[in-house]
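As a plain string of letters, each chain reads:
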Amino acid sequence: MYYSKVTVIDKGEGSMFWRIMSFFQNRFMERINRILPEPQASFEAGLLIGARKGIPDDLIKKFNITGLTHIIAISGYNITIIIVFVMWTLKRLPRKTGFIIAILSIVLFTLFVGASPAVVRASIMGY
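Position numbers for residues count from 1 along each chain, tracking the sequence in the order it is written. In keeping with the model being predicted, local features are shown solely for residues with a pLDDT of at least 70 and side-chain atom pairs are shown and tallied solely at 80 or more, while totals for entire chains, interfaces and linings include all residues. Each side-chain value is worked out from all heavy atoms of the structure, with water and hydrogens disregarded.

Undergrad: What should I look at first to understand the layout of surface pockets in this one?
TA: Left-over empty space is what a probe sized like a water molecule reveals as it rolls over the atoms. Here a cavity means grid points, on a 1 Å grid over the protein atoms only, where a 1.4 Å probe fits yet cannot get out; a pocket means an open set of points with protein on both sides within 12 Å along at least five of seven lines; lining residues are those with an atom within 4 Å of a point. Grid points are joined across faces, edges and corners, and a volume is the space filled by probe spheres set on the points. Size it by volume and the largest pocket reaches roughly 210 Å³. If you trace the largest pocket, you find it lined by Glu 44, Leu 47, Leu 48, His 70, Ile 71, Ala 73, Ser 75, Tyr 77, Asn 78, Ile 81, Ile 82 and Phe 109. A run of H or I in DSSP counts as a helix once it spans at least four residues, and a run of E counts as a strand once it spans at least two, with each numbered from the N terminus. Counting residues per element, the ones that place at least two in the lining of the largest pocket are helix H2 (40-49) and helix H4 (76-89). Think of it as three bins: nonpolar holds Ala, Val, Leu, Ile, Met, Phe, Trp, Tyr, Cys and Pro, charged holds Asp, Glu, Lys and Arg, and polar takes everything else, Gly as well. Here the residues of the lining of the largest pocket are counted per class, giving 8 nonpolar, 3 polar and 1 charged.

Below is the structure:
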């Protein structure tokens, strides 16, 4: 039988790539917080990048009761928005080039939001 092993590392000794992604995600959320008051800022972060921290427990409970928790989860809808935006922005380039850049954008978005299994599945479906 296989037993997993966890190695604890000191702060600052993790992956540089994930530290950079976390930095950009925190900056993004800080900007949302500057624009909108709470709980709207946390709700917006949930819509855009699937972040649930900061959303009041009573609001999460209401989403659960009404069956609307999928609204604050990353899904194919978010991926579709990225594809449409990138393809529209690059419409003057050859279609193949726009497609490649759209795929790279989806990969970056997937990594940016944390690459959870649900996000990876939505990203694969977006291709």
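Undergrad: How should I be thinking about the environment of Gly 50 in this particular structure?
TA: For Gly 50, the position within the fold is in the loop between H2 and helix H3 (57-66). With a 1.4 Å probe rolled over the protein chains alone, any residue whose accessible area is under 20% of its type maximum counts as buried; one over 50% counts as exposed, and the rest are partly exposed. On the accessibility criterion, Gly 50 (25% relative accessible area) is partly exposed. It is 9.7 Å that separates the C-alpha atoms of Gly 50 and Asn 78, two residues lying 28 residues apart in sequence.

Undergrad: How should I be thinking about helix H1 (residues 16-35) in this particular structure?
TA: Because each turn of an α-helix spans 3.6 residues, side chains separated by three or four positions end up pointing in the same direction. Compared with the 28 Å implied by 1.5 Å per residue over 20 residues, the 29 Å span of H1 between its first and last C-alpha is a close match. Taken residue by residue, H1 has Met 21, Gln 25, Met 29 and Ile 32 as its buried positions. Viewed end-on, H1 has its buried residues packed into an arc of 70°, placing them on one side of the element. Exposed side chains of H1 directed beyond 90 degrees from the buried face belong to Met 16 and Arg 34. Throughout, a residue-residue contact means that at least one pair of heavy atoms, one from each residue, lies within 4.5 Å. Taken together, the buried residues of H1 touch H2 and helix H5 (95-112). For H1, the side-chain oxygen to backbone nitrogen distance between the N-cap and Phe 17 is 3.3 Å, and the N-cap itself is Ser 15. Expected span, for any helix, means 1.5 Å times one less than how many residues it has. The arc under discussion is defined with respect to the helix axis, by the directions toward the C-beta atoms. In the analysis that follows, any N or O atom pair within 3.5 Å is treated as a polar contact, provided that within protein one partner can donate a hydrogen and the other can accept it, and provided that, for residues neighboring in sequence, both atoms belong to side chains.

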